[in-house]
Amino acid sequence: MILPVLLLVGSNIFMTYAWYGHLKDLKNVPLLVAILSSWGVAFLEYCLQVPANRIGSQYYSLYQLKVMQEVITMAVFAGFAVFYMRLPFSWDFLIAGVFLVAAAFFMFRGIAGH
């Protein structure tokens, strides 16, 4: 089922921006403004994340949903860090991502037989 994956990708885009976007876009505003702005973005994140997990739980185990979310988070964060925050690419980050993909492999390797 692809819908939970798509919802989690959207959710993670909002989440990543809520967590880190203020470091670039709101660095010169009062902390309270940054907090309230991030809460507003996080609300949008939850509007996607909750249905993603509700729908996803009908097809995937809780463990699978969690590992899927972590892999998606790393992929979204990598794109955000390089393309939005303009940070240099890191081989260490790539290697950590490979290990997360390996974790996903072990969580999903038996799903084809179910």
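From a predicted model like this one, the values you see are computed outputs, not experimental measurements.

(A) Expanded view of a nonpolar patch on the surface. A cluster of nonpolar side chains, namely F89, W91, L94, I95, V98 and F99, defines an oily patch on the protein surface of about 680 Å² accessible area. By the element assignment, F89 lies in the loop between α3 (62-84) and α4 (91-108).

(B) Here's a closer look at the nonpolar core. Judged by nonpolar contacts, L7, L8, A52, Y60, L65, V67, M68, I72, V76, A104 and F108 together constitute the single largest core of 11 residues. In terms of residue count, α3 provides more of this core than any other element does, five residues in total. Here V76 is in contact with V9, N12, I13 and T16, once residues within four sequence places are set aside.

(C) Molecular detail of helix α2 (residues 31-56). Compared with an ideal rise of 1.5 Å per residue, which puts 26 residues at 38 Å, α2 spans 36 Å between its outermost C-alpha atoms and is within 8% of the ideal. Turning to α2, its buried residues number three or more, namely A34, S38, V41, E45, Q49, A52 and G56.

(D) Up close: the packing of aromatic side chains. Counted under the stated rule, the structure contains seven aromatic pairs. When the ring of Y20 is compared with that of F77, the centres are 5.3 Å apart and the planes differ by 65 degrees; the resulting orientation is edge-to-face. Linking Y20 in helix α1 (residues 3-25) with F77 in helix α3, this pair joins segments that are 57 residues apart in sequence. Note on F77: relative accessible area 26%, which makes it partly exposed. Counting every residue linked through ring pairs, the aromatic cluster contains W19, Y20, F77 and F93. A cation sits over an aromatic face here: K24 above Y84, 4.2 Å from the ring centre.

(E) Quick peek at the environment of L7. As for its position among the elements, L7 is in helix α1. In this structure L7 comes out as buried when scored by relative accessible area, which is 16%. Separated by 80 residues in sequence, L7 and L87 have C-alpha atoms that sit 26 Å apart. Leaving out residues up to four positions away in the same chain, L7 has contacts with L48, P51, A52 and I55.

(F) Spotlight on the environment of L8. Within the element layout of this structure, L8 appears in helix α1. Overall, the relative accessible area of 2% leaves L8 in the buried class. Along the primary structure L8 and F83 are separated by 75 residues, whereas in three dimensions their C-alpha atoms are 20 Å apart. Setting aside chain neighbours within four positions, we find L8 in contact with A52, N53, M68 and I72.

Cut-offs applied
- Residues numbered from 1 in each chain as written.
- Predicted model: local features only at pLDDT ≥ 70, side-chain atom pairs only at ≥ 80, totals over all residues.
- Heavy atoms only, no water.
- Patch = residues over 30% accessible without salt bridge, like charges linked within 9 Å, V, L, I, M, F, W, Y side chains within 5 Å.
- Areas by Shrake-Rupley, 256 points an atom, 1.4 Å probe, with all protein chains shown as cover.
- Salt bridge = Lys/Arg side-chain N within 4 Å of Asp/Glu carboxyl O.
- Helix = DSSP H or I, 4+ residues; strand = E, 2+ residues; numbered from the N terminus.
- Core = buried A, V, L, I, M, F, W, Y, C linked by side-chain atoms within 4.5 Å.
- Buried < 20%, exposed > 50% of the residue type's maximum accessible area, 1.4 Å probe, protein only.
- Contact = heavy atoms within 4.5 Å.
- Expected span 1.5 Å × (residues − 1).
- Phe/Tyr/Trp six-rings, centres within 6.5 Å; stacked < 30°, edge-to-face > 60°.
- Lys NZ or Arg CZ within 6 Å of the ring centre and 35° of its normal.

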